[in-house]
Amino acid sequence: MMDEILQGLLFLLAMAALGYQLLAMWVLRAWRPVLTEADGVSLLAADETLPALSLLKPLHGDDGHLYACLRSFCLQDYPCYEIVAGVQDADDAAIAVVQRLQREFPELDLRWVLTEEKTGRNPKVNNLTGILGACKYDLLLISDADIVVGPHYLRQLLPQLADPHTGVLTCLYRGLAEANLASRLLASQINSLFLPSVLVSTRLGPNIFCGGATMALQRSTLQALGGLQRLADQLADDYWLGAHARQLGKATILADYVVDTRVQEANFRVFYQHALRWARTTHSVQPMGYRLAFFSYPLPLVTLLTPWLLLGSGWGGIIPLGMVLLLRLVYHRQIMHKLSATDTWVIALLADFVGLWIWFHGLFARQVAWRGAQFKVGADGRLGGQDGAR
């Protein structure tokens, strides 16, 4: 009797994973992303209706792609904006990249600041605090250093901030990988696992995703939620920016625009640390949702269940695996078409299996590697230690 109950539960678990795959495919079918290479629009807002903007760029080193990433922001078709880049080390290699762009775009209000602000344990928030003090305008847009955008990025996004009920405007991102395996694995996890999971979550309820690739908001909103200081010790600073704005009754809006992120992982260890930090970040802000996120890895999950299903159902137990595998291959083609991406199905399937293991590790991990240091992460998502874990 107990064996029959267990077999039934395992079968239901496999069907739930299959159901998630079908749901993700349905959501993707209706999604109309605006990609960086095709971000032109037929009806652009008139220049006089577009507010002046401060674009905040926290920088840390140069991975070889920083020039191309920053240059895409210098090419914006937008009437009035400034770019303020920040570093926290006078010898940071990013400074030379910014100076090169200053010479290339002398008419652009592009500046860099060296700041020693230490408002908390989050190095990115420390950097942003110093950058914010040098910004002139009330409309703010924060974007990570590894992001590439199209020339109409600002025109596409900012009109959506005109709604007074909007707190933070954010974007999803497409992973563009280097040729090595580690980079391709992370890009595949971004494109095939992370991005669709956000879309599914948004379709099922109000959007709570807020990502560092793009966070646009009014200075008054930032002040009302308590300023950057309120994020200073949080690992998931981007999530909490949106969450605190929602506490003020302002929505976090997910735009259809999809920016690009350069994925350059030196080796498997670097990739694993990066992915584990993301997993631990999600776990810190949505613990219950994270525990249920194994459903978003339907193929490896059903693969693990198949031996037990075979014991109870004979060869019929392999049917769920065959169905999930077929759907996963169709889904891979679907997401590659939507994103104009080129991940191979072999990399995608490998990324799925590695991703499930990282999900499991993220349930118990208490430390993360970030910018060469180890940080302890508390149950509330706060970073422990000052220069490393304690």
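What counts, and at which threshold
Residues numbered from 1 in each chain as written. Predicted model: local features only at pLDDT ≥ 70, side-chain atom pairs only at ≥ 80, totals over all residues. Heavy atoms only, no water. Helix = DSSP H or I, 4+ residues; strand = E, 2+ residues; numbered from the N terminus. Rg over C-alpha atoms; globule rule 2.2 N^0.38 Å. Buried < 20%, exposed > 50% of the residue type's maximum accessible area, 1.4 Å probe, protein only. Contact = heavy atoms within 4.5 Å. Lys, Arg positive; Asp, Glu negative; His and termini not counted. Charge placed at Lys NZ, Arg CZ, Asp CG, Glu CD. Core = buried A, V, L, I, M, F, W, Y, C linked by side-chain atoms within 4.5 Å. Expected span 1.5 Å × (residues − 1). Bend = angle between axes of the 7 residues up to and from the residue. Patch = residues over 30% accessible without salt bridge, like charges linked within 9 Å, V, L, I, M, F, W, Y side chains within 5 Å. Areas by Shrake-Rupley, 256 points an atom, 1.4 Å probe, with all protein chains shown as cover. Salt bridge = Lys/Arg side-chain N within 4 Å of Asp/Glu carboxyl O. Pairing = 2+ DSSP bridges. Right-handed = clockwise from strand over helix to strand, strands pointing away. Axes fitted to C-alpha atoms, helices over the stretch in contact; angles between N-to-C directions. Parallel < 35°, antiparallel > 145°, perpendicular 65-115°, else oblique. Left-handed = near helix turned anticlockwise from the far one by under 90°. Nonpolar A, V, L, I, M, F, W, Y, C, P; charged D, E, K, R; others polar. Phe/Tyr/Trp six-rings, centres within 6.5 Å; stacked < 30°, edge-to-face > 60°. Lys NZ or Arg CZ within 6 Å of the ring centre and 35° of its normal.

A. Representation of the overall build of the protein chain in the model. The helix and strand tally for the protein chain stands at 13 helices and 12 strands. At 22 Å, the protein chain has a C-alpha radius of gyration in line with the 21 Å of a compact globule built from 390 residues. When burial is assessed residue by residue, the protein chain has 54% of its 390 residues classed as buried. Here the contacts in the protein chain between residues at least 6 apart in sequence split such that 81% fall between residues at least 24 apart. If you average the places of the 32 positive and of the 33 negative side-chain charges in the protein chain, the two averages end up 5 Å apart.

B. Quick peek at the nonpolar core. Tyr153, Leu158 and Phe271 are the most contacted members of the largest nonpolar core, which totals 93 residues. The residues contacting Phe271, other than those within four sequence positions of it, are Ala182, Leu185, Leu186, Gln189, Glu265, Val354 and Ile358. Of all hydrophobic cores here, the second largest spans 26 residues; its members include Cys135, Leu140, Leu217 and Val285.

C. The arrangement of helix H6 (residues 181-204) in detail. Over its 24 residues, H6 runs 34 Å from end to end, which matches the ideal 34 Å to within 8%, given 1.5 Å per residue. Remark: the principal bend of H6, roughly 35 degrees, maps to Ile190.

D. Spotlight on a nonpolar patch on the surface. On the surface, a nonpolar cluster with roughly 360 Å² of combined accessible area is contributed by Leu325, Leu329, Trp345 and Val346. Among the elements of the structure, helix H12 (319-339) and helix H13 (345-362) are those that each provide at least two residues to the nonpolar patch. Looking at the element boundaries, Leu325 is found in helix H12. Residue Leu325 is classed as partly exposed on the basis of its relative accessible area of 35%.

E. Molecular detail of the pattern of salt bridges. The tally for this structure, following the rule as stated, stands at 11 salt bridges. The closest approach of N and O atoms between Glu104 and Arg71, which form a salt bridge, is 2.7 Å. With Glu104 in helix H3 (residues 94-104) and Arg71 in helix H2 (residues 66-74), the pair connects residues that are 33 residues apart, well separated along the chain. Its relative accessible area of 32% is what places Glu104 among the partly exposed residues. Across the pair Arg328 and Asp352 runs a salt bridge whose closest N-O atoms are separated by 2.7 Å. Pair noted here: Arg328 is in helix H12 and Asp352 is in helix H13, with a separation of 24 residues, a long-range link. Using a relative accessible area of 2% as the deciding quantity, one classes Arg328 as buried. What you see here is one network of salt bridges that share partners, running through Glu82, Asp109, Arg111 and Lys136.

F. Representation of H13. Its 18 residues give H13 an end-to-end C-alpha distance of 25 Å, which sits within 8% of 26 Å, the value for a rise of 1.5 Å per residue. Of all the positions in H13, only Ile347, Ala348, Leu349, Ala351, Asp352, Val354, Gly355, Leu356, Ile358, Trp359 and Gly362 are classed as buried.

G. Up close: unusual backbone geometry. Not every positive phi belongs to a glycine, and Ser340 is a case in point at roughly 50 degrees. Locating Ser340 in the fold gives a position in the loop between H12 and H13. A relative accessible area of 47% means that Ser340 is categorised as partly exposed.

H. How the structure looks around the pairing of strand E4 (residues 109-114). Inspection of the sheet shows strand E3 (residues 81-87) paired to E4 by six bridges, in the parallel sense. Directly across from Gly86, in E4, lies its bridge partner Val113. Remark: the E3/H3/E4 crossover connection has right-handed handedness.

I. Examining the packing of H6 against helix H9 (residues 268-285) more closely. As a packed pair, H6 and H9 sit with axes 8 Å apart at the nearest point and diverge in direction by 20 degrees. With respect to their mutual orientation, H6 and H9 come out roughly parallel. In the crossing of H6 with H9, the sense of the turn from one axis to the other is right-handed. Along its contact with H6, which presents Ala182, Leu185, Leu186, Gln189 and Ile190, the element H9 presents Phe268, Phe271, His274, Ala275 and Trp278. Residue composition of the contact of H6 with H9, by class: eight nonpolar, two polar and no charged.

J. A look at the packing of aromatic side chains. Here the structure, examined in full by the defined rule, presents 13 aromatic pairs. Judged by centre distance (5.4 Å) and plane angle (65 degrees), the rings of Tyr153 and Tyr257 are edge-to-face. Of this pair, Tyr153 sits in helix H5 (residues 153-157) while Tyr257 is found in strand E9 (residues 251-263), placing the two residues 104 residues apart along the sequence. Under the relative-accessibility criterion, Tyr257 is labelled buried at 2%. For the cation-ring pair, Arg100 lies above Tyr67, with the distance from its terminal atom to the ring centre recorded as 3.6 Å.

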